[in-house]
Amino acid sequence: MSNQTMNIYEKAIKQSKFYIKKNILKYNSLRNYDFGANQRDNVSCLSSFFCHRVLLEYNIINEILKIHSYSKVEKYIQEIFWRVYWKGWLEIRPEVWDNFLLDLNEIKYNKLAYEDAINARTNISCFNDWVLEIKRENYLHNHTRMWFASIWIFTLNLPWQLGAKFFLKYLKDGDAASNTLSWKWVAGLQTKGKHYLANSQNIAKYTNNRYTETKLNQTAVAKNEIFIPSIRKIPEYQNNKLYSNIIILDTDLFIHDRLDLLNKYNNVYIVFLKNDDRNIKLSNNVINFKKELLKDIIYYLPNSKLIDSTNFKNAVSNLEGIDIIYPNIGENLDFISKKCVELKLKTNFLYRELDLFSWQFCEKGFFKFKQKIPNILKHIKTLDL
Ligand SMILES: Cc1cc2nc3c(=O)[nH]c(=O)nc-3n(C[C@H](O)[C@H](O)[C@H](O)COP(=O)(O)OP(=O)(O)OC[C@H]3O[C@@H](n4cnc5c(N)ncnc54)[C@H](O)[C@@H]3O)c2cc1C
């Protein structure tokens, strides 16, 4: 099948298979290099698929371990588990997301410096290039995201919240958990007092000397905040159909292990969240990418309908209740929860067993979580993915 006739899911599978077969073994030694937008085979570039769950992270881990021994791909699998960990950490502390959105309306900042930063007009050439790159490619390498965030916070003295918002606007993989918590981590708010200070030699080395002698603030101290989020209990696992209609949002589009269940519904509403219904407005490229992903689902489910968030009320107004594939903390959950309360519509969230199993280990730091990775891997193997 040619690339042109494939749908997005098929393309994502093809890309992941190619990466696992050809390039994954380079990851341990080369993953930290950003060789530039035209040379990305040292990393997988799969995050926009993971983030919308076009690819299910547990499923891909399974596929990797069918071909390679754990020790050879440990780093890559660990990185995928960072995503799982951040998600679980935020699920336990949803106030961190709420607070981030509240901060965006309240923070004071230097407007001129901010405009210069987001328009690539600073006197830091690598930073300006990355601003243009994220707008053009809707992707940045992980190491570059760390340098970018560090320069934003500690050299340009801008609030981390605005940087996180800027990333969400332009990244195709923009994700409430990975993004918010990574920015907080760089600022020194996630691991309290431990911040990430980008330095010129490190940038030169890992960009293959594309950027040398970058002048950065090397003495900044970690940010602090007086905010201790409360901890909530992870819900019990349940995946039972309760109502005759169901909603899918763009944060969990992996339907392939749920086709039997989804086919039992009268209607599968695939809800596209328009910018009007988002706190953080997305760029056209990201909006269009999401639309394409959602259209893909219709191909697999004859009982599905794509509706945008402004038509949501009309589509569901006569219903007593609705099942919802749990969309995780973030804009989708905020929208759907608010709307269902307004419409007095009862909701029944369907979770993934592997998410809930993994999230029980996310209360503390990543080091503690990492010790549980073998348990999660065992659990992945017991499920038919
Ligand atoms: C400030 C900052 C903001 C970030 N914002 C996002 C975001 O909005 N969405 C997002 O998906 N990731 C985010 N990340 C994490 C990471 O940078 C991206 O997941 C990664 O760069 C995606 O590229 P890749 O698929 O080529 O990754 P690879 O290096 O090939 O890694 C494989 C997979 O592992 C996961 N992964 C890798 N590194 C991380 C990490 N540090 N944290 C969590 N998961 C990771 C991703 O799912 C990725 O696709 C952010 C990191 C930083 C420092």
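Rules used in this analysis
Residues numbered from 1 in each chain as written. Predicted model: local features only at pLDDT ≥ 70, side-chain atom pairs only at ≥ 80, totals over all residues. Helix = DSSP H or I, 4+ residues; strand = E, 2+ residues; numbered from the N terminus. Rg over C-alpha atoms; globule rule 2.2 N^0.38 Å. Buried ≥ 20, exposed ≤ 12 C-beta atoms within 10 Å, placed from the backbone. Contact = placed C-beta atoms within 7 Å. Near = placed C-beta within 6 Å. Nonpolar A, V, L, I, M, F, W, Y, C, P; charged D, E, K, R; others polar. Domains from an automatic or database assignment. Pairing = 2+ DSSP bridges. Axes fitted to C-alpha atoms, helices over the stretch in contact; angles between N-to-C directions. Core = buried A, V, L, I, M, F, W, Y, C linked by C-beta atoms within 7 Å. Expected span 1.5 Å × (residues − 1). Right-handed = clockwise from strand over helix to strand, strands pointing away. Parallel < 35°, antiparallel > 145°, perpendicular 65-115°, else oblique.

1. A look at the overall build of the protein
Helix and strand counts for the protein stand at 19 helices and five strands. Relative to the compact-globule value of 21 Å for 385 residues, the protein shows a C-alpha radius of gyration of 21 Å, a close match. Residue burial in the protein is summarised as follows: out of 385 residues, 38% are buried. Looking at the protein alone, contacts between residues at least 24 apart form 75% of all its contacts between residues at least 6 apart.

2. Things to note about the site of the ligand
Around the ligand lies a shell of 28 residues, among which S44, S47, N142, N179 and S182 are the nearest. Classifying every residue of the shell around the ligand by side-chain character gives 14 nonpolar, eight polar and six charged. Looking at which domains feed residues into the shell around the ligand, each of domain 1 (3-90 + 358-382) and domain 2 (94-206) supplies at least three.

3. What about the domain arrangement of the protein?
What the domain assignment lists for the protein is domain 1 (3-90 + 358-382), domain 2 (94-206) and domain 3 (245-350). Inter-centroid distance (C-alpha atoms) of domain 1 to domain 2 is 23 Å. The partner domain 2 presents 18 residues to the 15 residues of domain 1 that form the contact. Secondary-structure elements contributing two or more residues to the side of domain 1 that touches domain 2 are α3 (47-51) and α5 (70-92). For the side of domain 1 that touches domain 2, the element with the most residues is α5, which contributes five residues. Split into classes, the residues belonging to the side of domain 1 that touches domain 2 amount to eight nonpolar, four polar and three charged.

4. A look at the sheet that holds strand β5 (residues 346-350)
In spatial order, the strands read β3-β2-β1-β4-β5; together these five strands make up an open sheet with parallel pairing. Edge positions in the sheet fall to β3 (304-308) and β5, since each of these pairs with one other strand and no more. This sheet shows a mean twist of 30° between the axes of neighbouring strands, independent of strand direction. With five bridges connecting them, strand β4 (residues 321-325) and β5 associate as parallel partners. Looking at the pairing, D323 lines up with N348 of β5.

5. Details of the nonpolar core
Grouped together as the largest cluster of nonpolar side chains are 50 residues, with contacts concentrated most on L90, F148, I151 and I153. Sort the elements by how many residues they give to this core and helix α9 (residues 142-155) lands first, with seven residues. Once you skip the residues sitting within four places of it in the chain, I153 turns out to touch L158, W160, G163, V186, A187 and K223.

6. Here we look at α9
For α9, which comprises 14 residues, the first-to-last C-alpha distance of 19 Å matches the rise-based estimate of 20 Å (1.5 Å per residue) to within 8%. With respect to burial, α9 is a largely interior element, eleven of its 14 residues being buried. Restricting attention to buried positions, one finds in α9 the residues T144, R145, W147, F148, A149, S150, I151, W152, I153, F154 and T155. Those residues of α9 that are buried are in contact with α7 (111-118), α8 (125-137), α10 (160-170), α11 (176-187) and α12 (200-206).

7. Quick look at unusual backbone geometry
In this model, N138 sits at a positive phi of 60°, which is unusual for a non-glycine residue. Of note, N157 is a non-glycine position whose phi angle comes to about 60°, a positive value. Along the chain, the position of N157 falls in the loop between α9 and α10. Among the residues examined, N157 registers 12 C-beta atoms within 10 Å and is labelled exposed.

8. Looking at the pairing of β4
Across the five residues that make up β4, a large majority, four, are buried. The pairing of strand β1 (residues 245-248) with β4 spans two bridges and is parallel. Opposite I246, over in β4, you have D323 as the bridge partner. Handedness of the crossover joining β4 and β5 through helix α16 (residues 331-342) is recorded here as right-handed.

9. Observations concerning the environment of E331
Along the chain, E331 falls in helix α16. Remark: the alpha-carbon pair of E331 and A176, spanning 155 residues in sequence, is separated by 7.9 Å. Setting aside chain neighbours within four positions, we find E331 in contact with L273, R278, N279 and I280.

10. What to know about the packing of α5 against α11
Packing of α5 against α11 brings their axes to within 8 Å, and their N-to-C directions diverge by 85°. With respect to their mutual orientation, α5 and α11 come out roughly perpendicular. Residue-level contacts link R83, W86, K87, W89 and L90 of α5 to A176, A177, S178 and L181 of α11. By residue class, the composition of the contact of α5 with α11 is six nonpolar, one polar and two charged.

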